[in-house]
Amino acid sequence: MVEEKRKVILKTEGLTKHYGGVHALQDADFVLHDGEHVAIVGDNGAGKSTFVRQITGTEIPTSGKIYFDGQLVNFHSPLDARKEGIETVYQNLALADDLDVPSNIFLGREEIYFNLGPFSFLNERKMLEKSKEVLAKTGIKIPELKTQMGNMSGGQVLDLVEKVIVLRQGRIVGEVETAKTDGNEIVSLITGVKQNIDVQPSYI
Ligand SMILES: Nc1ncnc2c1ncn2[C@@H]1O[C@H](COP(=O)(O)OP(=O)(O)OP(=O)(O)O)[C@@H](O)[C@H]1O
Ligand SMILES: [Mg+2]
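Cut-offs used in this document
- Residues numbered from 1 in each chain as written.
- Chains lettered and ligands numbered in written order.
- Predicted model: local features only at pLDDT ≥ 70, side-chain atom pairs only at ≥ 80, totals over all residues.
- Heavy atoms only, no water.
- Helix = DSSP H or I, 4+ residues; strand = E, 2+ residues; numbered from the N terminus.
- Buried < 20%, exposed > 50% of the residue type's maximum accessible area, 1.4 Å probe, protein only.
- Contact = heavy atoms within 4.5 Å.
- Pairing = 2+ DSSP bridges.
- Axes fitted to C-alpha atoms, helices over the stretch in contact; angles between N-to-C directions.
- Core = buried A, V, L, I, M, F, W, Y, C linked by side-chain atoms within 4.5 Å.
- Near = heavy atom within 4 Å.
- Polar contact = N/O pair within 3.5 Å; in protein donor to acceptor, adjacent residues only side chain to side chain.
- Areas by Shrake-Rupley, 256 points an atom, 1.4 Å probe, with all protein chains shown as cover.

Caption draft 1: Structural context of the side chain of E185. With respect to the helices, strands and loops of the structure, E185 is situated in helix α6 (residues 183-191). On the basis of relative accessibility, which here comes to 19%, the residue E185 falls in the buried class. Setting aside residues no more than four positions away along its own chain, E185 makes contact with V176, K180, K194 and N196.

Structure (structure tokens):
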């Protein structure tokens, strides 16, 4: 693995979330460096959303540690995480595919011009400007922000990242650099045909 000289921005150690007997996330050790873009992939139920919910303060982990910018953090709400600069764009709202990038970034907290009865008039220009600002900060390059999310391909999203982390049955089982892989390797990791990280078996 290439030695990383960039500053560590986000680090998790043994991050674990159990829902009763369900080991949704088990001992996840993860590192994100300054300026790095990482995709977390995995089959249905692999633990992707659970992982994200722990690092965005949406849920409290069962155990494990989260460091943000070198500090041990204990987020109690998404607002806590947002104050530190962790933003979440939600995947699984049925409408989101029909929306463009700014609308997805601002989903649920849209900039509103004014309300008229049940209708809200959204300040789209302001959302577009702010989205550009947020994306410029992260270095994510989306050429056409007004493209609907549904028209973006999985590959396009892959082009944006340097590293792919693969979750399977709640564990991180693989880590690949996108420049050195093809889709087949990622699929093998997702399905469990292959594994490139040693994981301990999970005992219930
Ligand atoms: N609130 C919950 N209560 C009980 N079990 C849960 C809860 N949330 C998730 N799980 C379980 O935890 C496991 C991981 O689920 P999670 O939603 O994190 O997977 P995912 O990788 O995001 O899947 P998908 O691709 O379907 O979005 C699954 O077995 C799921 O059923
Ligand atoms: Mg999910």
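Caption draft 2: Representation of the sheet that holds strand β4 (residues 63-68) within the structure. Pairing is antiparallel across the open sheet formed by four strands, whose spatial order is β2-β1-β4-β5. On the outer flanks of this sheet lie β2 (22-33) and β5 (71-73), each paired with one strand and no other. Neighbouring strand axes in the sheet, compared pairwise and without regard to direction, differ in orientation by 25° on average. With five bridges connecting them, strand β1 (residues 8-19) and β4 associate as antiparallel partners. Looking across to β4, one finds that K11 is bridged to Y67.

Caption draft 3: Local environment of the sheet that holds strand β3 (residues 38-42). Strand order in the open sheet formed by three strands is β3-β8-β9, with mixed pairing between adjacent strands. With one partner strand each, in any of the chains shown, β3 and β9 (171-177) form the two edges of the open sheet. This sheet shows a mean twist of 25° between the axes of neighbouring strands, independent of strand direction. As paired elements, β3 and strand β8 (residues 163-168) share five bridges and run parallel to each other.

Caption draft 4: Structural context of the nonpolar core. Counting residues in each nonpolar core, the largest one holds 18 residues, and the members touching the most others are L10, L15, F30 and F51. Elements supplying a minimum of two residues to this core: β1, β2, α1 (48-55), β4 and β8. A total of four residues in this core trace back to one element, the largest contributor, which is β2. If near-sequence neighbours (up to four positions away) are discounted, F51 is found in contact with T12, L15, L25, A28, F30, I40 and L167. The next biggest cluster of nonpolar side chains, apart from the first, holds nine residues, and it includes V166, V176, I186 and I190.

Caption draft 5: Examining the site of ligand 1 more closely. In the neighbourhood of ligand 1, the contacting residues comprise Y19, V22, A24, D43, N44, G45, A46, G47, K48, S49, T50 and R53. In the model, an oxygen atom of ligand 1 is placed 3.4 Å from a nitrogen or oxygen of the N44 side chain. The contact in question runs from an oxygen atom of ligand 1 to an N or O atom on the side chain of T50, over 2.5 Å. When the free accessible area of ligand 1 is taken as 640 Å², the share hidden by the protein chains comes to 61%. Breaking the shell around ligand 1 down by element, the ones donating at least two residues are β2 and α1.

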